[in-house]
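Residue-level structure breakdown
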Amino acid sequence: SSGINAEYGGEVFKCDNYSFLSTGYVKSRTRSKCRRKEGTPAVCHKPAKNARDPSAFPKFGCGPCTQEQLDFIICEDISYCDKTVGHSLLFVVIIAFVVGEIQV
């Protein structure tokens, strides 16, 4: 259930997973752990709006789209952005502010 590739040696990051329903692909609740190659950007991919074949797109979103996926316009590359880090940091800042206010 993970797209991680230990031989790449770069940082570990997470990408969204996708499931195919009768109307197309939807983002799953789960995310895959991915590992980028050293010296390359962390990239995820997702199904394009016109991706309608359940076998055309892998469930895991690690790494860039293949050239074939791009040629058939069934895949989109997205820059990696782990939104959970920003939310965690915001939560810590709010807690620190509240604790600071209580001590005053």
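This text gives an overview of the structure that appears in the document.

Analysis parameters
- Counting starts from 1 at the beginning of each chain's written sequence and moves along it residue by residue.
- Totals for whole chains, interfaces and linings use every residue, but because this is a predicted model, local features are given only for residues with pLDDT of at least 70 and side-chain atom pairs only at 80 or more, for both listing and counting.
- Hydrogens are left out, water is left out, and the side-chain values use all remaining heavy atoms of the structure.
- Helix numbers and strand numbers start at the N terminus; a helix is a DSSP run of H or I with at least 4 residues, a strand a run of E with at least 2.
- Think of it in three bands: with a 1.4 Å probe and only protein chains considered, a residue is buried below 20% of the maximum accessible area for its type, exposed above 50%, and partly exposed in between.
- Contacts are residue-level and defined by heavy atoms, with any inter-residue pair within 4.5 Å sufficient.
- Methods summary: accessible areas were calculated by the Shrake-Rupley approach with a probe of 1.4 Å, and residue burial reflects only the protein chains presented.
- Criterion used throughout: strands pair if DSSP finds at least two bridges between them.
- We call Phe, Tyr and Trp rings a pair once their centres come within 6.5 Å, taking the six-membered ring for Trp, and we label the pair stacked below 30 degrees between planes, edge-to-face above 60, and tilted otherwise.
- What counts as a salt bridge is simple: a side-chain nitrogen of Lys or Arg found within 4 Å of a carboxyl oxygen of Asp or Glu.

**With respect to the overall build of the protein chain**
In terms of regular secondary structure, the protein chain is built from two helices and four strands. Along the protein chain, helices and strands appear, N-terminal first, in the series β-β-β-α-β-α. Buried positions account for 27% of the 104 residues belonging to the protein chain. Sequence separation of at least 24 residues holds for 59% of the intrachain contacts in the protein chain that already meet a minimum separation of 6. Taken as a whole, the protein chain presents about 7400 Å² of accessible surface, with 59% of it coming from carbon and sulfur.

**Comments concerning the pairing of strand β1 (residues 9–21)**
Sheet analysis places β1 next to strand β2 (residues 24–37), joined by ten bridges and oriented antiparallel. Residue pairing in the sheet places Val12 in a bridge with Arg35 of β2. Here β1 hands over to β2 after two residues, the two strands then running antiparallel side by side.

**Quick word on the packing of aromatic side chains**
Geometry of an aromatic ring pair is reported as the spacing of the ring centres plus the angle between the planes. For the structure shown, the criterion picks out one aromatic pair. Between Phe20 and Tyr25, the ring centres sit 5.0 Å apart and the planes meet at 70°, which makes this aromatic pair edge-to-face. The class for Phe20 is partly exposed, based on a relative accessible area of 29%. What makes Tyr25 buried here is its relative accessible area of 16%.

**Structural notes on the pattern of salt bridges**
All chains considered together, the criterion is met by four salt bridges. Of the charged contacts in the structure, one is a salt bridge between Asp16 and Arg31, with a shortest N-O distance of 3.1 Å. Placement of the pair is Asp16 in strand β1 and Arg31 in strand β2, with a sequence separation of 15 residues. The exposure class assigned to Asp16 is buried, which follows from its relative accessible area of 16%. What makes Arg31 partly exposed here is its relative accessible area of 29%. The partner of Lys46 in a salt bridge is Glu76, with the nearest N and O atoms 3.9 Å apart.

On their own, these measurements won't tell you what the molecule is for.
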